[in-house]
Amino acid sequence: MTDPYKQADRERWLRDLLCGALIGAGAILPGVSGGVLAVVFDVYRPMMETLSHPGRGIRKYWHIFLPLGIGWAVGFLGLAKGISAAYALSDAATIWLFIGLIAGTFPALWREAGKEGHGRAAWIACGVCALSVFLSLFYVRHVLRVTVTPNFGWYNFCGALWGASVVLPGLTSSSIMMALGLYEPLLNSLAEMRLLTLSACLPGMLLTMLLLARGVTWLLQTHYAVTFHGILGIVAASTLVIVPIRYDSVGEVMASLLCCAAGFLLAFFLEKLDRALPRA
């Protein structure tokens, strides 16, 4: 007879593995924030706590971070070539897959944001964050036109952007890299497993995450409703700004709809699985 506790542990492990893979993939997909997906999959606060207090956080959450770390590596490195190919085949359909994922978990985010109420200050924070992020990302994606030559320093800058996008939900690092002409050479390097490029990104990524984590954790502890409503506004704005507006054919429109539905159903499945399992 199957032990229900062991079965729940296996399901939790697989759930966290899949979430890690999606967060890792989101870190390299243009327009998608790894931090948004971390919020969506309910691993953001444990991650911030661990970054703020590594010793205590690792002891408390190691059973979560082991499958998350493995999944993140698979999504970030293992799927780089696949995402690159999918994005080349249809960038619209690929982005709609992630939009469906985020849309499918938005009700859970709303419930999380309202745990301490939906006060006036919280609504103001939501609106200000949504407007500022939307205008900033729109400017980066559609107005800014700057190109740089990739080198060690710029790859370190890419790592800092990745770190910031994890700690600050809604910051879409890939969009900024695309605006600077860094995204394609970096994605190709990851797809070809050029470890020298990856090692150039790690210092900036780790340092940025450690520097920002404590401030964000303090805000969540002292001003939870305002901070989480601000995050909610960031999630909504960063999702809205990546909605594709150009399609090559009716077939691509249909594929985008199917991908969005698939992402929504996957998010629904993950939320149901998460509700059925004990919290960490």
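Residues numbered from 1 in each chain as written. Predicted model: local features only at pLDDT ≥ 70, side-chain atom pairs only at ≥ 80, totals over all residues. Heavy atoms only, no water.

S.K.: How should I be thinking about the overall build of the protein chain in this particular structure?
M.R.: Helix and strand counts for the protein chain come out as 13 helices and 0 strands. Considering the protein chain as a whole, with its 280 residues, one finds that 48% of them fall into the buried category. In the protein chain, 83% of the contacts between residues at least 6 apart in sequence involve partners at least 24 apart. For the protein chain, the accessible surface area stands at approximately 13,900 Å², while carbon and sulfur atoms represent 71% of it. (Helix = DSSP H or I, 4+ residues; strand = E, 2+ residues; numbered from the N terminus. Buried < 20%, exposed > 50% of the residue type's maximum accessible area, 1.4 Å probe, protein only. Contact = heavy atoms within 4.5 Å. Areas by Shrake-Rupley, 256 points an atom, 1.4 Å probe, with all protein chains shown as cover.)

S.K.: Help me understand the packing of helix H3 (residues 44-52) against helix H11 (residues 195-222), please; the structure alone is not making it clear to me.
M.R.: Contact geometry of H3 with H11 gives a least axis separation of 8 Å together with a crossing angle of 120°. It follows that H3 is oblique to H11 by the angle criterion. In this structure, H3 crosses over H11, and the sense of that crossing is left-handed. Here Tyr44, Arg45, Met48, Glu49, Leu51 and Ser52 of H3 come into contact with H11, specifically with Met209, Leu210, Ala213, Arg214, Val216, Thr217 and Leu220. (Axes fitted to C-alpha atoms, helices over the stretch in contact; angles between N-to-C directions. Parallel < 35°, antiparallel > 145°, perpendicular 65-115°, else oblique. Left-handed = near helix turned anticlockwise from the far one by under 90°.)

S.K.: Would you take a moment to explain a nonpolar patch on the surface for this structure?
M.R.: Residues Trp13, Leu14, Ile58, Trp62, Leu66, Ile70 and Val74 make up a contiguous nonpolar surface patch of about 700 Å² in total accessible area. When contributions to the nonpolar patch are tallied by element, the ones reaching two or more residues are helix H1 (4-28) and helix H4 (54-78). Take the nonpolar patch: its biggest share by element is 5 residues, from H4. Here Val74 is to be found in helix H4. (Patch = residues over 30% accessible without salt bridge, like charges linked within 9 Å, V, L, I, M, F, W, Y side chains within 5 Å. Salt bridge = Lys/Arg side-chain N within 4 Å of Asp/Glu carboxyl O.)

S.K.: Explanation requested: the environment of Met254 in the structure shown.
M.R.: Locating Met254 in the fold gives a position in helix H13 (residues 250-276). In this structure Met254 comes out as partly exposed when scored by relative accessible area, which is 46%. For Met254 and Ala93, which are 161 residues apart along the polypeptide, the C-alpha to C-alpha distance reads 8.7 Å.

S.K.: Looking at this structure, how should I read the pattern of salt bridges?
M.R.: Once the charged atoms of two side chains with opposite charge are near each other, the side chains can pair. Scanning the model with the defined rule gives 3 salt bridges in all. Here Asp16 makes a salt bridge to Arg15, at a shortest N to O gap of 3.1 Å. Accessibility assignment for this pair places Asp16 and Arg15 in one class, buried. For the salt bridge of Glu49 with Arg56, the shortest nitrogen-to-oxygen distance reads 4.0 Å. Among the residues examined, Glu49 registers a relative accessible area of 17% and is labelled buried. The exposure class of Arg56 is partly exposed, given its relative accessible area of 42%. One continuous salt-bridge network, built from bridges that share partners, spans Glu49, Arg56 and Lys60.

By themselves, these observations are geometric and do not establish any function.
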